[in-house]
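Understanding the architecture of this molecule
The lines below spell out each chain.
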Amino acid sequence: MEMCQRDGFTPNRALADRMFQRGLEGGLVVGDRQLGLVLDIGGYYKNVITLAPSLEISYEEIDLAHDLLDLLISLCRES
């Protein structure tokens, strides 16, 4: 996933950095659980989050990853 400015083109390294740090801090509340998220950042501008799920990922784990990423993007965009 490439993190970009609102124009959808300009790389947003600052957002990717905030997401990386916030994910490591933990405390992301999804349902009744507090979780963290370890992200892999790459790309030429260091604004790309690499998704590399297990080949044995369940639908529940996919839903959880979606919810965590959605929450993380929302929290980090606001700051």
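Residues numbered from 1 in each chain as written. Predicted model: local features only at pLDDT ≥ 70, side-chain atom pairs only at ≥ 80, totals over all residues. Heavy atoms only, no water.

Looking now at the side chain of N47. With respect to the secondary-structure elements, N47 resides in the loop between β3 (40-42) and β4 (48-50). A polar side-chain atom of N47 sits 3.4 Å from a polar atom in the side chain of E2. Those residues in contact with N47, other than ones at most four positions away along the chain, are M1, E2, M3, P11, N12, R13, A16 and G42. (Helix = DSSP H or I, 4+ residues; strand = E, 2+ residues; numbered from the N terminus. Polar contact = N/O pair within 3.5 Å; in protein donor to acceptor, adjacent residues only side chain to side chain. Contact = heavy atoms within 4.5 Å.)

For the largest pocket, the calculated volume is near 390 Å³. Taken together, 18 residues form the lining of the largest pocket, with L37, L51, I57, A65 and L69 sitting closest to its centre. Tallying contributions element by element places helix α2 (residues 59-78) first for the lining of the largest pocket, with seven residues. Classifying every residue of the lining of the largest pocket gives 13 nonpolar, three polar and two charged. (1 Å grid on protein atoms, 1.4 Å probe; cavity = no way out; pocket = protein on both sides within 12 Å on 5 of 7 lines; lining within 4 Å. Points joined across faces, edges and corners; volume = space filled by probe spheres on them. Nonpolar A, V, L, I, M, F, W, Y, C, P; charged D, E, K, R; others polar.)

The next point concerns a nonpolar patch on the surface. A contiguous nonpolar patch, built from I57, Y59 and I62 and spanning about 320 Å² of accessible area, is present on the exposed surface. On the basis of relative accessible area, Y59 is assigned to the exposed category, the value being 69%. (Patch = residues over 30% accessible without salt bridge, like charges linked within 9 Å, V, L, I, M, F, W, Y side chains within 5 Å. Areas by Shrake-Rupley, 256 points an atom, 1.4 Å probe, with all protein chains shown as cover. Salt bridge = Lys/Arg side-chain N within 4 Å of Asp/Glu carboxyl O. Buried < 20%, exposed > 50% of the residue type's maximum accessible area, 1.4 Å probe, protein only.)

Turning to α2, a few remarks are in order. The first and last C-alpha atoms of α2 sit 29 Å apart over 20 residues, in line with the 28 Å expected at 1.5 Å per residue. Restricting attention to buried positions, one finds in α2 the residues L68, L69, L72 and C76. Axial view of α2: buried residues confined to an arc of 100 degrees, hence all on one face. Exposed and oriented more than 90 degrees from the buried face of α2 are Y59, E60, H66 and E78. (Expected span 1.5 Å × (residues − 1). Arc of directions from axis to C-beta.)

Inspection of the secondary structure assignment puts A65 in helix α2. Separated by 12 residues in sequence, A65 and P53 have C-alpha atoms that sit 9.5 Å apart.

The phi torsion at K46 lies on the positive side, around 55 degrees, for a residue other than glycine. Along the chain, K46 turns up in the loop between β3 and β4. Residue K46 is classed as partly exposed on the basis of its relative accessible area of 39%.

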